[in-house]
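Spelled out, the chains give:
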Amino acid sequence: QVQLVESGGGLVQAGGSLRLSCAVSGRTFRNYAMGWFRQAPGKEREFVAVISWSGGSTYYADSAKGRFTISRDNAKNEVYLQMNSLKPEDTAVYYCAASPWNGVRVTSKDYDYWGQGTQVTVSS
């Protein structure tokens, strides 16, 4: 079993930055690709970013490219999402998730474990 706990969400003005963290416990962290997803009110959960087991490969949704950076620290069992130039449309609950599949996985069904989510609200 893998447990994931997100933190770092909050209220920020448009143009501001936030850094989300996800602490992972349980099975060997380095055996999982880690992703970030988000869900806005009334919308389906959508992919944001993914990072491979080693951290050597990353992939982003078009909405995140150039503004968000995903990283991981396998020694600390943590994954991060640095979000810059935030926009009101980034407002959502952000979830981290663990996938046993290495490489680019952008659909929810490829992730076995999920955190409880952290709210990000961007004001205009």
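A. Representation of the state of the cysteines in the model. Evaluation of the coordinates by the stated rule reveals one disulfide. Sulfur-sulfur distance for the disulfide between C22 and C96 comes to 1.9 Å. With the S-S bond torsion at 45°, the cross-link from C22 to C96 turns out right-handed. Of this pair, C22 sits in strand β3 (residues 18-26) while C96 sits in strand β9 (residues 92-99), and the two are 74 residues apart along the sequence. Here C22 and C96 have matching classes, each one buried.

B. Up close: the nonpolar core. Membership of the largest hydrophobic core comes to 30 residues, with the highest contact counts inside it found for L4, M34, W36, L81, M83 and Y94. Secondary-structure elements contributing two or more residues to this core are β1 (2-7), β3, β4 (33-39), β5 (46-51), β7 (68-73), β8 (78-83), β9 and β11 (118-123). The residues touching L81, leaving out its near neighbours within four places in the chain, are L18, R19, L20, W36, V48, A49, F68, T69, I70 and Y94. In terms of nonpolar packing, the next biggest core, distinct from the first, is built from seven residues, A33, F37, F47 and A61 among them.

C. Summary view of the pairing of β11. Of the two faces of β11, the one lined by T118, V120 and V122 is fully buried and the one lined by Q119, T121 and S123 carries no buried residue. With four bridges connecting them, strand β2 (residues 10-13) and β11 associate as parallel partners. Of the residues in β11, the one forming a bridge with Q13 is S123. Here β9 runs beside β11; their pairing, made up of three bridges, is antiparallel. From the neighbouring strand, V93 faces β11, where its bridge partner is Q119.

Analysis parameters
- Residues numbered from 1 in each chain as written.
- Predicted model: local features only at pLDDT ≥ 70, side-chain atom pairs only at ≥ 80, totals over all residues.
- Heavy atoms only, no water.
- Disulfide = S-S within 2.5 Å.
- Helix = DSSP H or I, 4+ residues; strand = E, 2+ residues; numbered from the N terminus.
- Buried < 20%, exposed > 50% of the residue type's maximum accessible area, 1.4 Å probe, protein only.
- Core = buried A, V, L, I, M, F, W, Y, C linked by side-chain atoms within 4.5 Å.
- Contact = heavy atoms within 4.5 Å.
- Pairing = 2+ DSSP bridges.

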